[in-house]
Amino acid sequence: MSGEMWTPELAILRGFPTEAERQQWKQEGIVGSESGSFLQLLLEGSYESIFLNSVTQNILNAMTVAEEGIDSYLEKQIVTFLDYSTDLEKSERQQLIFLLGVSSLQLFVQSNWTGPPVDLHPQDFLPSVLFQQFSEAKGLDAVVLSLLILDGESVYSLTLKPILLLLARVILVNVRHKLTAIQSLPWWTLRYVNIHQQLLEERSPQLFALAEYCIDQVMKLENLFVDDSGRYLAVQFHLECAYIFLCYYEYKKAKDQFNVAKNIGKLQINLTGALGKRTRFQENYVAQLILDVRREGDVFPGYELSPAPTPQEHLTNYLLSQPKFWAIQTSALILRTKLEARSTRRMERAVRQTQALADQFEDKTTSVLERLKIFYCCQVPPHWAIQCQLAGLLFELGCTGSALQIYEKLEMWEDVVICYERAGQHGKAEEILRQELEKKETPSLYCLLGDVLRDHSYYDKAWELSRHRSARAQRSKGLLHLRNREFKACVECFECSVKINPIQLGVWFSLGCAYLALEDYGGSAKAFQRCVTLEPDNAEAWNNLSTSYIRLKQKVKAFRTLQEALKCNYEHWQIWENYILTSTDVGEFSEAIKAYHRLLDFQDKYKDVQLTSLLMCIFKVLKILVRAVIDGVTDRSGDVATGLRGKLQELFGRITSRVTNDGEIWRLYAQVYGNGQSEKPDENEKAFQCLSKAYKCDTQSSGWEKDMTSFKEVVQRALGLAHVAIKCSKNKSSPQEAVQVLSSIRLNLRGLLSKAKQLFTDVASGEISSELADEIAAMDTLVIELQDLSNLFRNQY
């Protein structure tokens, strides 16, 4: 872009001029020029008049028409006017073409978004010879719609006046390099991208690349956002960018754009609590969540804003109570109907409101100019989307017949099929699709027929009909293979689909699942990486990505991806299961303890049998954690794990309060306290208590005394417990307590001696088995020692 900005560009972006701008245009002689007459018609909202103007007729009409596509013809005519017309100066020719492109886009928006209906036909501004190959207007529309297909994604079939969008694309995209006199052109190209994308079935990478380029170009325009009017436009621009990024799953960039717009407007937005009344029927104030919106200073002189703390769910009501722009009011009403549809009590009102929104398209009381003010930063849905929302509400209410009528009128055959399936008329769904195919064969209809009949041949037909450009055909074929567990064929179809259109979140996820089933973990990792790039808050995709990394032995990557998964979904216990195991593997012992606590929280909340058995199964994690703390193992960050002793003790305290009958857990708990060998008496006492409970669990289990190996293990543990008891008795506060402890242990040992003689004595010789000789001798010695020590303490009474 070179030179100064054309004076009216800011007013065109804004949608209306100021009085000062009108006076300036008169002084500069813009009003009396050809571009001035176009400009006046544009700012009055008389877009049809621009197309009926003799200048437009001369630009778009040729004496002869060669055998070529409509898009090529339009581009040739415009380039010819820009390069070879001698009636006007170069800059004015560019201005006229620019105004024609903007008018074309605005008129297309009026035809499909804002209303009222446009009474303009292609025959009114294109040469009649161009229509000789078409028997009717619908034939032209079908050709134009096919030209608007991008990345294998079809365009909505009932789009009105598609020739207007095609003309806008030719001017704002194809020949934009020739409109060097128009500095705001990239912004209008961005608006074209926004509109075109809403017509497509899925996101288009081509449009996204174009949008990113346009945003970058607009950001370089230093003189676009100066003074008060420029700051107002800056807010609009950043809002438009944010919605573009949201559409293409670029959530961080979208958030940044929203924040920039908020900062320019000097708004402070916070969620807080306050006492208030939610409805007019309430008599008392109750606590509620409110959205506190405040503005610093007078940011936009002439634009009155008076935000105040507002209940979050009533934010749309607040906006509707002060309607200033048609686009904001319509967007707010649509959002309110979606919120109210969740409540059975307010569903009927939501239906009536949606019906009113659909009807306003035909209403002519509000001018086109008013409807288009700040339209591009409000995300008003197209007219058919509002009608589809109405049908969806009726469907939810059980009015399937009424919903079906709307869907059939809108030619939304996928929803028609769903309605018939719900009504149990499976044959009717096939019948209506075949009737439409008799009228005209399209890839999308064949795909739907394949969905109904679950027949691959129809997807193949759609693929051939689209000349191998239909991402939908391969997507649907792949999903059918996936349903039939034919994973290899499924992967081939999905790979073909994402090659045509890489911005397909659901396909990437399904592709990753198919690769996991095939045990191709490299492929699954790639697919899930793409998935989380498109949707960073997809917890399931992050979890599956970590599974792929674990299988690939890339455990550090798996740990990081699981951290992302938990950011997205903190309440998914299966993710925590993977997290605790992976944390232990990579040496993140502190995180493993945290994960175990979280799983215990889930056990309290859900009482899930599967979760309870899981906690028992990850016993090995506890053993690793205990060993790491006792041995002073360094974790992944280089810190010594001994510092986690307190946290681990706290964890065992929670575990043993739930699981009281597991001797192994009690023994691990004792190890955390030094296993009775600590220099601190209180730790030895705690270890003794744990070991005592462990011994009790051992002896209460069934059959331990009948097996020689098990019996010897119990004896060894009893001997160890006796030694700890002797150590602890010396630190008791009174001799009575010491005697009590020692007597209890002595009884345990005598009980074991009795069982040994009872169960393991040879009948012939009358002697105890030689395998227990050492243990018997040790127990006899300890019994005597305990007796002597007890007598010593009794002497202190």
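Residues numbered from 1 in each chain as written. Predicted model: local features only at pLDDT ≥ 70, side-chain atom pairs only at ≥ 80, totals over all residues. Heavy atoms only, no water.

K.L.:
Got a minute to help me understand the packing of helix H12 (residues 227-247) against helix H13 (residues 251-264) in this structure?
P.N.:
Between two packed helices, the angle of one axis relative to the other and the distance separating the axes together describe the packing. Between H12 and H13, whose axes approach to 8 Å, the crossing angle comes to 165°. Taken together, the axes of H12 and H13 are roughly antiparallel relative to one another. Note that H12 runs across H13; the crossing there is left-handed. On H13, the residues touching Arg-231, Ala-234, Val-235, His-238, Leu-239, Cys-241, Ala-242, Tyr-243, Phe-245 and Leu-246 of H12 are Tyr-251, Lys-253, Ala-254, Gln-257, Phe-258, Val-260, Ala-261 and Ile-264. Grouping the amino acids of the contact of H12 with H13 by side-chain chemistry returns 14 nonpolar, 2 polar and 2 charged. (Axes fitted to C-alpha atoms, helices over the stretch in contact; angles between N-to-C directions. Helix = DSSP H or I, 4+ residues; strand = E, 2+ residues; numbered from the N terminus. Parallel < 35°, antiparallel > 145°, perpendicular 65-115°, else oblique. Left-handed = near helix turned anticlockwise from the far one by under 90°. Contact = heavy atoms within 4.5 Å. Nonpolar A, V, L, I, M, F, W, Y, C, P; charged D, E, K, R; others polar.)

K.L.:
Mind showing me how you'd approach the side chain of Ser-466 here?
P.N.:
Checked against the element boundaries, Ser-466 lands in the loop between helix H23 (456-465) and helix H24 (471-483). At 3.1 Å, the side chain of Ser-466 forms a polar contact with the backbone nitrogen of Ser-470. (Polar contact = N/O pair within 3.5 Å; in protein donor to acceptor, adjacent residues only side chain to side chain.)

K.L.:
Sorry if this is basic, but what is going on with the packing of aromatic side chains here?
P.N.:
Two numbers describe a pair of aromatic rings. These are the distance of the centres and the angle of the planes. According to the stated counting rule, one finds 21 aromatic pairs in the structure shown. Judged by centre distance (5.5 Å) and plane angle (10°), the rings of Phe-559 and Tyr-579 are stacked. With Phe-559 in helix H29 (residues 555-568) and Tyr-579 in helix H30 (residues 573-586), the pair connects residues that are 20 residues apart, well separated along the chain. With respect to class, Phe-559 is no different from Tyr-579; both count as buried. Taking 5.8 Å as the distance between ring centres and 10° as the angle between the ring planes, the aromatic pair formed by Trp-704 and Phe-711 counts as stacked. (Phe/Tyr/Trp six-rings, centres within 6.5 Å; stacked < 30°, edge-to-face > 60°. Buried < 20%, exposed > 50% of the residue type's maximum accessible area, 1.4 Å probe, protein only.)

K.L.:
What exactly am I supposed to notice about the packing of helix H26 (residues 505-517) against helix H28 (residues 539-551) here?
P.N.:
With their axes 11 Å apart at the nearest point, H26 and H28 run at an angle of 30° to one another. Judged on the interaxial angle alone, H28 and H26 are roughly parallel. Between H26 and H28 the crossing geometry is left-handed. The segment H26 lies against H28, with Phe-509, Cys-513 and Leu-516 engaging Glu-540, Ala-541, Asn-544 and Ser-548. Considering only residue class, the contact of H26 with H28 consists of 4 nonpolar, 2 polar and 1 charged.

K.L.:
I keep staring at the pattern of salt bridges and nothing clicks. Help me out?
P.N.:
Close approach of charged atoms allows side chains with opposite charge to pair. Inspection of every chain in the model, using the stated rule, returns 32 salt bridges. Between Asp-460 and Lys-477 there is a salt bridge, and its shortest N-O distance comes to 3.2 Å. Here Asp-460 is found in helix H23, whereas its partner Lys-477 is found in helix H24, with 17 residues between them in sequence. Among the residues examined, Lys-477 registers a relative accessible area of 13% and is labelled buried. (Salt bridge = Lys/Arg side-chain N within 4 Å of Asp/Glu carboxyl O.)

K.L.:
What am I meant to see in helix H19 (residues 400-410) here?
P.N.:
The periodicity of an α-helix, 3.6 residues per turn, causes residues three or four positions apart to be oriented the same way. Within H19 the residues assigned to the buried category are Thr-400, Ala-403, Leu-404, Ile-406, Tyr-407 and Leu-410. For H19, the buried positions fall inside an angular range of 165° around the axis, keeping them on one side. Exposed and oriented more than 90 degrees from the buried face of H19 are Gln-405 and Lys-409. Buried-residue contacts for H19 involve helix H18 (383-397) and helix H20 (413-422). Count one or two residues on from H19 and you reach Glu-411, which has phi positive near 55°. (Arc of directions from axis to C-beta.)

K.L.:
Any chance you could explain the confidence of the model for the protein chain here in plain terms?
P.N.:
Reading fine detail from the predicted coordinates is not recommended where pLDDT is low. The share of residues in the protein chain with pLDDT of 70 or more is 93%, and the mean pLDDT across the chain is 89. Residue range residues 302-313 is modelled with pLDDT below 50. Its contacts to residues more than four positions away, or to other chains, number 31 contacts. (pLDDT = per-residue confidence, 0-100.)

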